[in-house]
Number of protein chains: 2
Amino acid sequence: MEQDTETRIFEAARAVFVEQGFEGARMQEIADRAGINKALLHYYFRSKARLFEAVFRASAAEVLSQAATALRQDQPLPDRLTTFVHTYIDLIRANPHLPAFVLEELRRNPDALKAVVAEHTPGLLDALGRGIEDAVAAGRLRRIDPAHLLAHLIGLCIIPFIARPMLQTATQMDDAAYDAFLEARKEEVSTFIHRALVP
Amino acid sequence: MEQDTETRIFEAARAVFVEQGFEGARMQEIADRAGINKALLHYYFRSKARLFEAVFRASAAEVLSQAATALRQDQPLPDRLTTFVHTYIDLIRANPHLPAFVLEELRRNPDALKAVVAEHTPGLLDALGRGIEDAVAAGRLRRIDPAHLLAHLIGLCIIPFIARPMLQTATQMDDAAYDAFLEARKEEVSTFIHRALVP
DNA sequence: GTCTATAAAGGGATAGAC
DNA sequence: GTCTATCCCTTTATAGAC
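Residues numbered from 1 in each chain as written. Chains lettered and ligands numbered in written order. Predicted model: local features only at pLDDT ≥ 70, side-chain atom pairs only at ≥ 80, totals over all residues. Heavy atoms only, no water.

Student: Requested: an account of the pattern of salt bridges, with residues and values cited.
Tutor: This model, assessed by the stated rule, comprises 26 salt bridges over all chains. The partner of Asp111 of chain A in a salt bridge is Lys114 of chain A, and the shortest N-O contact between them spans 3.2 Å. A relative accessible area of 40% places Lys114 of chain A in the partly exposed class. Arg33 of chain B is paired through a salt bridge with Glu29 of chain B; the nearest N and O atoms lie 3.0 Å apart. One end of the pair is Arg33 of chain B and the other is Glu29 of chain B, both in helix α2 (residues 27-34) and four residues apart, which spans about a single turn. The network of salt bridges with shared partners includes Asp90, Arg93, Glu183 and Lys186 of chain A. (Salt bridge = Lys/Arg side-chain N within 4 Å of Asp/Glu carboxyl O. Buried < 20%, exposed > 50% of the residue type's maximum accessible area, 1.4 Å probe, protein only. Helix = DSSP H or I, 4+ residues; strand = E, 2+ residues; numbered from the N terminus.)

Structure (structure tokens):
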């Protein structure tokens, strides 16, 4: 019935780190949520830094692999973009703190993600580039630098999550309205991109 | 020749807080950069929290007021969007750590920005909405929800800064190439938005 | 493996001399 | 106003019993 202790610790740590970041997280809180004491944290994971690293790698890998997979679908590029937008926004809606978590670590330790990025997105840009060229040849797309397209995609998808309090204040939406806004964004972003890329 | 002490402290604090965030910043480091000792920090600003608050309000106000001003220009909306994109990207290029700084504080204390946002962006969305309606009536734009447009604008502009290490790794650009990428992005984002909004 | 108790270090804040 | 010295709390990490 109970998971083994190591898993409980890991899940508690994930929750706390994702919410509070490395600096803000407290080992005591992780221990409390896992229902054990601090000493056991160090027994299973030598230090706070190592525990964090384990959590971060797993979270980053999950996001990157899902995103990269969506971008590699065997579809014409325009359809692939729609798939990506829907997949990515749904993924983050299920874990709304994830982007800020990853971005904060990116700032604290810019090199931390490099290995994970290199591992999960090899040739991603080339695949994107080929998809663009194919679609251009088919007359379905105007040509665009794949690096810019990748940046556009990510920026349009994550901004409502990382800047939520700001956008929600500026637009004076309540939580329900903002939820609807997020849902609507899947279609909005998809059509926005498609229209921007008509030949 | 020397600025007065309070200013030196404030500038040192701004640099450290913007780079490291509240939790990551050390009063000792701020004192070192200001060329004074820790006790003086508390003499001028009672606590770390107050010092941070002063820095944060100033930084947030600067970003928001410049952004809001650009969006209120007395121009047809399509031109205003171009102005905004160029202004905003240039602003952040001069202070590349600013977005992550603001976003981290947004996460640590979601309410902190509300007052500042409310102060600097009153009626911003309405102004944007009127601009859209005017341009739609003139046949220069297709209709779009101003909230989505605002999100698009911000997301497209800040993503290359907050996700820089990730994008730079995925695209394998060196620093010079990434700088060129940022410069090119002003035109790229402008045309991307304009094309997405043709009637 | 799990606990209690405690060491060790870090860092914000203050006292008090000058 | 500015400094040195120090307090004291928080938090990570370890020792050692069970």
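Student: Describe the packing of aromatic side chains, with residues and values.
Tutor: Tallied over the full model, the rule gives 19 aromatic pairs over all chains. Taking the centre distance of 4.9 Å and the plane angle of 90 degrees together, the rings of Phe17 of chain A and Phe52 of chain A count as edge-to-face. Taken as a pair, Phe17 of chain A in helix α1 (residues 5-24) and Phe52 of chain A in helix α4 (residues 48-72) lie far apart in primary sequence, 35 residues in all. Each of the two residues, Phe17 of chain A as well as Phe52 of chain A, counts as buried. Joined through ring pairs, the aromatic side chains of Phe17, Phe22, Phe52, Phe56 and Phe101 of chain A make up one cluster. It is Arg108 of chain A that lies over the ring of Phe22 of chain A; its NZ or CZ is 4.1 Å from the centre. One residue, Lys48 of chain B, lies across the ring of Phe22 of chain B, its end atom 4.7 Å from the ring centre. (Phe/Tyr/Trp six-rings, centres within 6.5 Å; stacked < 30°, edge-to-face > 60°. Lys NZ or Arg CZ within 6 Å of the ring centre and 35° of its normal.)

Student: Tell me what's going on with the nonpolar core, and back it up with residues and numbers.
Tutor: Grouped together as the largest cluster of nonpolar side chains are 148 residues, with contacts concentrated most on Phe17 and Leu113 of chain A together with Phe17 and Leu113 of chain B. Contacts of Phe17 of chain B, omitting those with residues within four sequence positions, involve Arg107 of chain A together with Phe22, Ala25, Ile30, Lys48, Leu51, Phe52, Val55 and Phe101 of chain B. (Core = buried A, V, L, I, M, F, W, Y, C linked by side-chain atoms within 4.5 Å. Contact = heavy atoms within 4.5 Å.)

Student: Any chance you could break down helix α7 (residues 112-120) of chain B for me, citing the residues and the numbers?
Tutor: Among the residues of α7 of chain B, Leu113, Val116 and Val117 of chain B are the ones counted as buried. Seen along its axis, α7 of chain B keeps its buried residues to an arc of 100 degrees; they face one direction. Buried-residue contacts for α7 of chain B involve α10 (164-171) of chain A together with α4 (48-72) and α6 (98-108) of chain B. (Arc of directions from axis to C-beta.)

Student: Could you give me a rundown of the protein's contact with DNA strand C, with the residues and numbers involved?
Tutor: In the vicinity of DNA strand C, 15 residues are found, and the nearest of them are Asn37 and Tyr44 of chain A together with Arg26, Met27 and Lys48 of chain B. For DNA strand C, the backbone portion of the atoms within 4 Å of the protein, that is sugar and phosphate, comes to 59%. At a separation of 2.7 Å, a phosphate oxygen of DNA strand C approaches a polar side-chain atom of Tyr44 of chain A. Lys48 of chain B is positioned such that a nitrogen or oxygen atom in its backbone is 2.8 Å from a phosphate oxygen of DNA strand C. Among the secondary structure elements, those contributing two or more residues to the surface near DNA strand C are α3 (38-44) of chain A together with α3 (38-44) of chain B. Per element, the largest residue contribution to the surface near DNA strand C is four residues, and it comes from α3 of chain A. (Near = heavy atom within 4 Å. Polar contact = N/O pair within 3.5 Å; in protein donor to acceptor, adjacent residues only side chain to side chain.)

Student: Talk me through the domain arrangement of chain A; I want residue IDs and the actual numbers.
Tutor: Residue and element names in this part refer to chain A. Domain parsing of chain A yields domain 1 (1-46) and domain 2 (57-196). Every contact between the two is made by eight residues of domain 1 and, on the other side, eight residues of domain 2. Around 650 Å² of area is buried between domain 1 and domain 2 when both sides are counted, 62% of it from carbon and sulfur atoms. At the junction of domain 1 with domain 2, the criterion picks out one salt bridge. The partner of Arg14 in a salt bridge is Glu62, with the nearest N and O atoms 3.9 Å apart. At the boundary of domain 1 and domain 2, one finds zero residue pairs in polar contact (both at pLDDT 80 or more). In the side of domain 1 that touches domain 2, the residues fall into four nonpolar, one polar and three charged. (Domains from an automatic or database assignment. Buried area = accessible area lost by both parts, 1.4 Å probe. Nonpolar A, V, L, I, M, F, W, Y, C, P; charged D, E, K, R; others polar.)

Student: So what's going on with the protein's contact with DNA strand D? Which residues, and what values?
Tutor: Lining the immediate surroundings of DNA strand D are 15 residues, of which Arg26, Lys38 and Lys48 of chain A together with Asn37 and Tyr44 of chain B lie closest. For DNA strand D, the fraction of protein-proximal atoms (within 4 Å) that sit in sugar or phosphate groups is 60%. One of the side-chain nitrogen or oxygen atoms of Asn37 of chain B is found 3.3 Å away from a phosphate oxygen of DNA strand D. The set of elements that each furnish at least two residues to the surface near DNA strand D consists of α3 of chain A together with α3 of chain B. For the surface near DNA strand D, the element with the most residues is α3 of chain B, which contributes four residues. The class makeup of the residues in the surface near DNA strand D is eight nonpolar, four polar and three charged.

Student: Which residues make up the side chain of Thr171 of chain A, and what values do they have?
Tutor: Mapped onto the fold, Thr171 of chain A is located in helix α10. Its relative accessible area of 14% is what places Thr171 of chain A among the buried residues. Setting aside residues up to four positions removed in sequence, Thr171 of chain A forms contacts with Leu125 and Ala147 of chain B.

Student: Can you explain the relation of the copies chain B and chain A? Please cite residues and give values.
Tutor: In the superposition of chain B on chain A (RMSD 0.2 Å, axial shift 0.0 Å), the rotation amounts to 179 degrees. The superposition of one copy onto the other is thereby described by a two-fold rotation axis. Within chain B, the C-alpha atom positioned nearest to the axis of rotation is that of Ala196 of chain B, 1.9 Å from it. Of the interface residues in chain B, 100% have counterparts in chain A that sit at the interface too, so the contact is made through matching surfaces. (Least-squares fit on C-alpha atoms with pLDDT ≥ 70 in both.)

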